[in-house]
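Descriptive structure summary
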Amino acid sequence: AQSVTQLGSHVSVSEGALVLLRCNYSSSVPPYLFWYVQYPNQGLQLLLKYTTGATLVKGINGFEAEFKKSETSFHLTKPSAHMSDAAEYFCAVSDSGANSKLTFGKGITLSVRP
Amino acid sequence: NAGVTQTPKFQVLKTGQSMTLQCAQDMNHNSMYWYRQDPGMGLRLIYYSASEGTTDKGEVPNGYNVSRLNKREFSLRLESAAPSQTSVYFCASSVQANTIYFGEGSWLTVV
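Residues numbered from 1 in each chain as written. Chains lettered and ligands numbered in written order. Predicted model: local features only at pLDDT ≥ 70, side-chain atom pairs only at ≥ 80, totals over all residues. Heavy atoms only, no water.

1. Some remarks on the nonpolar core
Residues and elements named next belong to chain A. W35, L47, L48, F74, L76 and Y89 are the most contacted members of the largest nonpolar core, which has 26 residues in total. At the level of secondary structure, the elements contributing two or more residues to this core comprise strand 3 (19-21), strand 5 (32-38), strand 6 (44-50), strand 8 (64-68), strand 9 (73-78), strand 10 (87-94) and strand 12 (108-113). Looking at which element gives the most residues to this core, the answer is strand 10, with four residues. Non-local contacts of L48, meaning those with residues more than four positions away in its chain, are made with L33, F34, W35, V57, K58, G59, F63, E64, A65, F74 and L76. (Core = buried A, V, L, I, M, F, W, Y, C linked by side-chain atoms within 4.5 Å. Buried < 20%, exposed > 50% of the residue type's maximum accessible area, 1.4 Å probe, protein only. Helix = DSSP H or I, 4+ residues; strand = E, 2+ residues; numbered from the N terminus. Contact = heavy atoms within 4.5 Å.)

Okay, structure coming up:
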């Protein structure tokens, strides 16, 4: 079985500060890893994903994440936060099987202070 | 390009009533999913369908039924709604699990 741990439920940063959202996963097979963002009253939008290859993955809106197998982590970062980054962020894991499914973490709410 | 479309967007039900959430995708995806989202719980998989004609239980299937009507449509039915089913429901589709596309959500309140 796969699982995702997102420690904490809320992160607050100042505009222009570094954003770091942590994600650790558990998987018995090589994982596919995802970060999704959800703005209020909307569906989930894919930020970035790791399947195979380069372990540093760049996504939309200036976000990136690094797959670290030894640490079973896939933390999301952005060098400089913008007010529009305020949203809920979900890390998710799946495998590469034909009938694989996404397992989500509980989500982290990011607030950005002026 | 509509992507994943789900209806209705908002619904209030009385305990014991039944209803069906409809979902359709126009991306020719084989796999479709129903998730529920509750505060502090993330998204939990209710049912999924790997292909037309097949459905499987997810993490929280009790109280729900699904129908994969054809490749495009995947409906979720609540036969006898309970207050514990008050939630936001998301339909999604994918080519396997490599990138899942979500609908806009359906807000359901059971009173």
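2. Some points on the pattern of salt bridges
Scanning all chains against the criterion turns up five salt bridges over all chains. Residues K78(A) and D85(A) are paired through a salt bridge, measuring 2.8 Å at the closest nitrogen-oxygen approach. For the residue pair K78(A) and D85(A), the accessibility class agrees, reading buried in each case. E79(B) serves as the salt-bridge partner of R77(B), at 3.1 Å between the closest nitrogen and oxygen. Residue classification places R77(B) among the partly exposed residues on the basis of a relative accessible area of 29%. The partly exposed category is assigned to E79(B), whose relative accessible area is 42%. (Salt bridge = Lys/Arg side-chain N within 4 Å of Asp/Glu carboxyl O.)

3. Some remarks on the environment of M32(B)
Residue and element names in this part refer to chain B. Relative to the helices and strands, M32 is located in strand 4 (residues 31-38). Exposure remark for M32: the relative accessible area of 0% places this residue in the buried category. Apart from the residues within four sequence positions on either side, M32 is in contact with C23, Q25, Y48, S49, R68, K71, R72, E73, F74, C91, A92 and S93.

Read these as spatial facts, not as claims about activity.
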